[in-house]
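Chain by chain, the residues run as shown.
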Amino acid sequence: MMPMPTWIYTSSDVYFLFEDWETKTVGPLILGCFISFLMALLHPFLTSLKSSLVQNHSISVCDSDDESLIESKVKPSLKPKMMITLITGVQYTLASIIMLLMMTYNLWVFLAIVFGYSLGYFLFISATDYSGQDKGVH
């Protein structure tokens, strides 16, 4: 077992999450980077999906007599609430795995994750968020 580096490196010798998943050549490294990219792409998709579920299953009620807009949200039923909870659990699990992948300190894995998050934000979040407020990728 090789010692884990504490600096960013570009070698193809990487441990991906498990000791058994060690890459020694470029081919497995590219596969690992592609999987890392897909995982990072999936995270913003789940954020967008959860946001749309929350918006679709809550009803806004506005008080028209008041000058300020007052909104109250009706709680969603059990099924959408369970779906939102499940998506949140998958998001946190995915975020933890991505964090562990980043801790390999391999430049190629790092770039795959950054490009995955960036493309995911571009495809799934930026198209629906024109308010100028960054809601994060959590």
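Residues numbered from 1 in each chain as written. Predicted model: local features only at pLDDT ≥ 70, side-chain atom pairs only at ≥ 80, totals over all residues. Heavy atoms only, no water.

(A) Molecular detail of the pattern of salt bridges. Counted according to the given criterion, the structure contains 2 salt bridges. One salt bridge in this structure joins Lys-24 and Asp-13, with 3.7 Å as the shortest N-O distance. Taken as a pair, Lys-24 in the loop between β2 (22-23) and α1 (26-56) and Asp-13 in the segment before β1 (14-15) lie far apart in primary sequence, 11 residues in all. For Lys-24, a relative accessible area of 55% translates into the label exposed. Taking relative accessible area as the criterion, Asp-13 reaches 18% and is therefore assigned buried. Between Glu-22 and Lys-24 there is a salt bridge; the shortest N-O distance is 3.0 Å. On the basis of relative accessible area, Glu-22 is assigned to the partly exposed category, the value being 27%. If you follow the salt bridges from partner to partner, you end up with Asp-13, Glu-22 and Lys-24 in one network. (Salt bridge = Lys/Arg side-chain N within 4 Å of Asp/Glu carboxyl O. Helix = DSSP H or I, 4+ residues; strand = E, 2+ residues; numbered from the N terminus. Buried < 20%, exposed > 50% of the residue type's maximum accessible area, 1.4 Å probe, protein only.)

(B) Summary view of the confidence of the model for the protein chain. The predicted model of the protein chain has a mean per-residue pLDDT of 81, with 74% of residues at 70 or higher. Across the protein chain, the secondary-structure element scoring lowest on mean pLDDT is strand β3 (residues 60-62), at 46, and the one scoring highest is helix α3 (residues 107-125), at 95. (pLDDT = per-residue confidence, 0-100.)

(C) Highlighting the packing of aromatic side chains. All chains considered together, the criterion is met by 1 aromatic pair. Relative to Phe-124, the ring of Phe-45 has its centre 5.2 Å away and its plane inclined at 65 degrees; by these criteria the two rings are edge-to-face. Taken together, the positions of Phe-45 in helix α1 and Phe-124 in helix α3 put the pair 79 residues apart, joining distant regions of the chain. Residue classification places Phe-124 among the partly exposed positions, given a relative accessible area of 25%. (Phe/Tyr/Trp six-rings, centres within 6.5 Å; stacked < 30°, edge-to-face > 60°.)

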